[in-house]
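# Coordinate inspection notes
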Amino acid sequence: MAYRDEKLSEEKVFKDPVHRYVHVRDRVIWDLIGTAEFQRLRRIKQLGTSYLTFHGAEHSRFNHSLGVYEIVRRIIENFQDRPHWNAEERLLSLCAALLHDLGHGPFSHSFEKVFKLDHEDFTQAILLGDTEVNRILNRVEKGFPKKVADVINKTYENKLVVSVISSQIDADRMDYLQRDAYFTGVSYGHFDMERILRVMRPMEDQVVVKESGMHAVEDYIMSRYQMYWQVYFHPVTRSAEVILTKILHRAKELYEEGYTFKLDPVHFMSFFRGQPTLKEYLALDEAVVLYYFQTWMEEDDGVLSDLCQRFVNRRLFKYIEFNPNAQMNEWMELYKLFTKAGLNPDYYLVVDSSSDLPYDFYRPGEEGERLPIHLLQPNGELKELSRLSDIVESISGKKRTDHKLYIPLDLLEDMSNRSKTKKRIMEILFG
Amino acid sequence: MLEKHAKLMQFFSSTEEIVGRKKLQKMIYILKKCEIPFEEKYQFHFYGPYSEELTLRVEEMCNLGFINETREEKKNYYQYRYQLTESGREFLKHYEMNLPPLTRHIEEMNGRSSRFLELVSTMLFFEDLPKEEISEKVFTVKSAQNYTDKDIEDGWKFIESLRSIH
C-alpha cells in the first residue's frame, strides 16, 4: 500500500479539552506529529505573554495545531461527495492544517519585530529544508512538501483547500478562539462550531455558509470581536509584550556595542547578527529564552537587568490612555523629562498601538480587497455576511483602535532622586 | 512614536487622494518591492498581497484624524477614498522622513486599474521564481482574472519603469 494511503491498525486519539478527542488514523499524520519540529511546538505558547494576565493561558501551539487538524478533518468529512470537493486533496489539507504554525518561534510577535524575521518564512524552510517533517512529506509523493507549503502560503492553485485552513471563517480561527477562551477562562469566545461545520459548503474557490446558518456565524463574529478586546488586546498583556520587546532590543543593542555578557548568549548570537539558520532558529524555544532572562537579571547593565526582573517577576509597566494627535506636545516634553530623570525614554516611555498586535477583526471591506464571509442563499446566490446580518453590520463600523502609553510608575513614584523632574512628569501624566 | 504611521502619512501627502482600499494595499506593496522602506507585513490572499497591519494602521490614522476616509456606495459594495488632513500634515512636521520622493511612483500607479496593480503585485510576490515560472504561477493563482501574456509583459515593463524612478 502506498505510504499516503496507509492507515494505523487502530485509530489513535488525543484527549482534548476543546474538541474532546482528536482522531488520527493516517500513518502520515501520526508520523508528522512525532517529528522533532512538531514536538517543538509544545515549547511555544499559543498566546505568548497572555499567561501573565490570564494564568491559565499556558497552552501551546502544539495543542492548537492538533485542534486545527481535527476541525479540518471534520470539515472534510462533511465535504465528502459534495460538488467542488476533490477527495484527492484530503491528505494535503490535513497536513497543511497540522503544520500551518510550524515556523512560530518563542514569543513570535516580539521576536519577529525586533529581529526582523517572519515565522512564515521559517514554516516554509522547515517544510522544504533538511528536516524530519520534509522527509515524511517527501515519502508521500515527490513535490508533496511544496504543495503543503503552497497551501500554507495561500498560493496553492485550489483556493478551496486554502480557504478551509485560512479565510475569514476557517479552522485556524475556529480553534484558537475556542481554545484561548477555554484556557484563559473567559466566558466569551464560545460559539456553536458544530452548527457552523454542518452548514459549511464547498464552492469552486472558497468555503461558504448556508444562509440558514447565519446566526451561528453571527455568534462566531461576536466571539471574535469580544476575544480581541477582552483577551488579545488586554492592556496588561500588552504591557508584558512591551517589556519583552524592549528586553530583546536592549540585548541586541548591547551586543552591537560590544558589551560583555556574564553568560555568553550563544543561542541569541545569530539573531543579534540577523541571520539565524534553520537549526539555530529551531534551537531557541521559550524555555531557553526564559533561562536567558533569568541570567540577564544579574547583568551589570541596569536597563537590561531591570526589564528582565520586571518580566520574570511580573512587575509590569502601568498604562494610561494616550492620543498621539492631541498629546504630541506632551509626549515631546515627557521624552525630555524622562531623559533628565535618568530613565532612558527609548525603553521606559512607550506608546503601544492596536496595530502593533497581530490580530484582526472581521471587516466586510471593499470589493477585491479581501475575501469576506459569503452566505449561500437558497437561490444559489452569494451575499456578503454584513449585507444580511444587522448584528455584523452594526459592529463593522465601530472604532476599533487605541493607543496606550506605558511607563514604569514605580520608578516615577520613587522620589529619592530627581524628585522635581519626576513630579513634573507625574503632573503631565495624571494632572 | 508612530514612525510607521508617519511613513504612510508621507505617502498620502504625496498625492491628492487614493481611491480604493484595494488600490492602496497594492500600491504600498509595490512600493515596498521598489525598496521604499514601508514596514507593513504582507501575506498572499485571495486577491493577491494583502496587509492586515496596513488596514489597521490606516484605520488608526482615520480615528486619530490624520486621514480622512469617505465611504461611497457602489452597486454591490462600498468604495473608500483617503486624503491626508490638516492635522495629519501638522503631525508629519514632527518627523524627519528619509523616504525618497514618491509623487512620480504614485502618479504612475494611480493611472492604472486596481486589476492591473493586483497583477503587478502578484508578479512581485513571486519575484524570486524564474521569470517563466512567475507567469505560470500568476495564471494558476489568478485564473479568475484571465490575465494574458500581454498583461504580464505590460506588468514587467511597468515594474521596470517604476524601479527606474529616482
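All of the points below concern the structure found in this document. (Residues numbered from 1 in each chain as written. Chains lettered and ligands numbered in written order. Predicted model: local features only at pLDDT ≥ 70, side-chain atom pairs only at ≥ 80, totals over all residues.)

## What to know about the overall build of chain A
Going by this rule: Helix and strand definitions follow DSSP, with helices as H or I runs of at least four residues and strands as E runs of at least two, each counted in order from the N terminus. A radius of gyration in this sense is built from C-alpha atoms; the matching globule rule multiplies 2.2 Å by the number of residues raised to 0.38. Any residue with 12 or fewer other C-beta atoms within 10 Å of its own C-beta is exposed, any with 20 or more is buried, and the rest are partly exposed; the C-beta atoms used are placed from the backbone.
Helix and strand counts for chain A stand at 23 helices and nine strands. In summary, chain A has a C-alpha radius of gyration of 24 Å against a globular reference of 22 Å for 431 residues, a match within 12%. With the C-alpha coordinates aligned to their principal axes, the bounding extent of chain A is approximately 75 × 50 × 35 Å. When burial is assessed residue by residue, chain A has 44% of its 431 residues classed as buried.

## Section: helix H1 (residues 3-13) of chain B
Here is the rule we go by: Distance between backbone-placed C-beta atoms decides contact: two residues are in contact if it is within 7 Å.
Burial analysis of H1(B) places eight of its eleven residues in the buried class, which makes it a mostly covered element. Turning to H1(B), the residues buried within the fold contact strand E1 (18-19), helix H3 (52-63), strand E4 (67-73), strand E5 (78-84) and helix H4 (86-92) of chain B.

## Overview of the sheet that holds strand E4 (residues 207-210) of chain A
All names here are of chain A. Quick note on the threshold: Any two strands with at least two DSSP-identified bridges between them are counted as paired. A fitted line through C-alpha atoms serves as each axis, taken over the contacting stretch for helices, and the angle formed by two N-to-C directions is quoted from 0 to 180°.
The strand order across the open sheet built from four strands is E3-E4-E7-E8, with neighbouring strands paired in mixed fashion. If you trace the sheet from one side to the other, it starts and ends with strand E3 (200-202) and strand E8 (382-384), each paired once. Averaged over all pairs of adjacent strands, the angle between strand axes in this sheet comes to 45°, irrespective of strand direction.

## Quick word on the packing of helix H6 (residues 119-128) of chain A against helix H7 (residues 132-140) of chain A
All names here are of chain A. Stated formally: For classification purposes, angles smaller than 35 degrees are called roughly parallel, those larger than 145 roughly antiparallel, those between 65 and 115 roughly perpendicular, and all remaining angles oblique. Only Asp, Glu, Lys and Arg are considered charged, only Ala, Val, Leu, Ile, Met, Phe, Trp, Tyr, Cys and Pro nonpolar, and every remaining residue, Gly among them, polar.
The interhelical angle for the contact between H6 and H7, taken along N-to-C directions, is 60°, at an axis separation of 6 Å. With respect to H7, the element H6 is oriented oblique. Of the residues in H7, those touching H6 at Ile126, Leu127 and Leu128 are Val133, Asn134 and Leu137. Split by residue class, the contact of H6 with H7 holds five nonpolar, one polar and no charged.

## Considerations on the sheet that holds strand E5 (residues 318-321) of chain A
Residues and elements named next belong to chain A. Ordered in space as E5-E9-E6, the three strands form an open sheet in which the pairing is antiparallel. Taken across any chain shown, the strands that pair with only one partner, and hence form the sheet edges, are E5 and strand E6 (350-353). Across this sheet, the average inter-strand angle for adjacent strands is 30°, counted without regard to direction. Pairing geometry for E6 and strand E9 (residues 403-407), over four bridges, is antiparallel. Note that in E9 the partner of Asp352 across the bridge is Lys404. Where helix H13 (residues 235-256) meets the sheet, it contacts E5, E6 and E9, and its direction lies at approximately 55° from that of E9.

Fair warning: the whole summary comes from geometry, so function is off the table for now.
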